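# Report on the structure
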Amino acid sequence: MRKLTYFVACSLDGFIGDEQGDATAMFRFLDEEYLGFLREEFPETLASQGRVHLGLDHLENRRFDTVIQGRGSYELALKEGITSPYAHMREFVASRTLGTSPDPNVEIVADDVVGRVRELKAEQGGLDIYLCGGSRLAGTLLDEIDELVVKSYPIVYGTGMPMFGTSQGITQFALDSARTFGNGVIVRTYCRER
């Protein structure tokens, strides 16, 4: 059984971006030490264009071979003319409004996203599934999330888009590991307690 991992960046107060989902305030923490960690541990979580820009497009996927994201997250790429932001993985976008996919590498999941994720998790072999984002999508998939990798940045938004857009009651995770960086970033990994 494959795992669904919510690999997410957030502020100290639990926001993944401002109220429109803009997270560019966190970009200033992408220093050499932190990028080295991402390159070694999670290279596939960098968008394809970023991988090319950083000279990392030759790296193999280490943890994930599939990515799912919400419409809002996907539209950030579409606004830049990018129809396949994670071309090095199988891509799924949860959206009831996008209709036809603008790219053959991207499957639109318009109905029963939970069912589709369960199918992906049940596939034999392969790597795990990267939940890229979308506050509402993360809330919808909360019961399916097996692992949280929370990249906490040392900033406070005060208001914004929460990590989970909907509340489904208390869900408990156990801390597996924590790693700190000189720039103040802390990456914590939690496993779901079932």
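Think of each chain on its own: its residues are numbered from 1, step by step along the sequence as written. In view of the model being predicted, local features appear only for residues whose pLDDT reaches at least 70, and side-chain atom pairs are presented and counted only at 80 or more, with totals across whole chains, interfaces and linings using the full set of residues. Computation of side-chain values: all heavy atoms of the structure, hydrogens and water removed.

Once that is clear, we can look at the nonpolar core. The set of buried Ala, Val, Leu, Ile, Met, Phe, Trp, Tyr and Cys residues whose side-chain atoms join them within 4.5 Å is what this entry labels a nonpolar core. Relative accessibility under 20% of the residue-type maximum defines a buried residue, over 50% an exposed one, and the middle range a partly exposed one, all with a 1.4 Å probe and only protein chains included. Ranked by internal contacts, the top residues of the largest apolar core, which has 25 residues, are Y34, F37, L38, Y130, Y153, V185 and V187. Each helix corresponds to a stretch of at least 4 residues labelled H or I by DSSP, and each strand to a stretch of at least 2 residues labelled E; elements are numbered beginning at the N terminus. Elements supplying a minimum of two residues to this core: strand 1 (4–11), helix 1 (32–41), strand 3 (64–70), strand 6 (128–133) and strand 7 (147–153). With four residues, helix 1 is the largest single contributor of residues to this core. A contact between two residues is defined here by any heavy atoms of the two lying within 4.5 Å. Once you skip the residues sitting within four places of it in the chain, Y130 turns out to touch T5, F7, T45, F64, T66, V67, I68, Y86 and M89. Core analysis: the second largest hydrophobic core is formed by 24 residues, I68, A94, V117 and Y190 among them.

To continue, consider helix 4 (residues 113–122). The set of residues buried in helix 4 consists of V113, G115, R116, V117, L120 and K121. Buried residues in helix 4 make contact with strand 1, strand 3, strand 4 (90–94), strand 5 (106–109), strand 6 and helix 5 (135–140).

What follows deals with the environment of L35. With respect to the helices, strands and loops of the structure, L35 is situated in helix 1. When its relative accessible area of 17% is taken as the criterion, L35 is described as buried. With 19 residues separating them in the primary sequence, L35 and L54 have C-alpha atoms 9.6 Å apart. Setting aside its immediate chain neighbours within four residues, L35 contacts L30 and L54.

Another point: the sheet that holds strand 5. For two strands to pair, DSSP has to find at least two bridges joining them. If you walk across this open sheet you meet the eight strands as 5-4-3-6-1-7-10-9, and the pairing is mixed. The open sheet has two edge strands with one neighbour each: strand 5 and strand 9 (173–180). On average, each strand axis in the sheet is tilted by 25 degrees relative to the strand beside it, whichever way the strands run. Bridge count between strand 9 and strand 10 (residues 186–192): seven bridges; the pairing is antiparallel. Looking across to strand 10, one finds that R179 is bridged to V187. Helix-sheet contacts for helix 4 involve strand 1, strand 3, strand 4, strand 5 and strand 6, and the interaxial angle to strand 4 is about 160 degrees. In this analysis an axis means a line fitted to C-alpha atoms, helices contributing only their contacting stretch, and an angle means the value between N-to-C directions, from 0 to 180 degrees.

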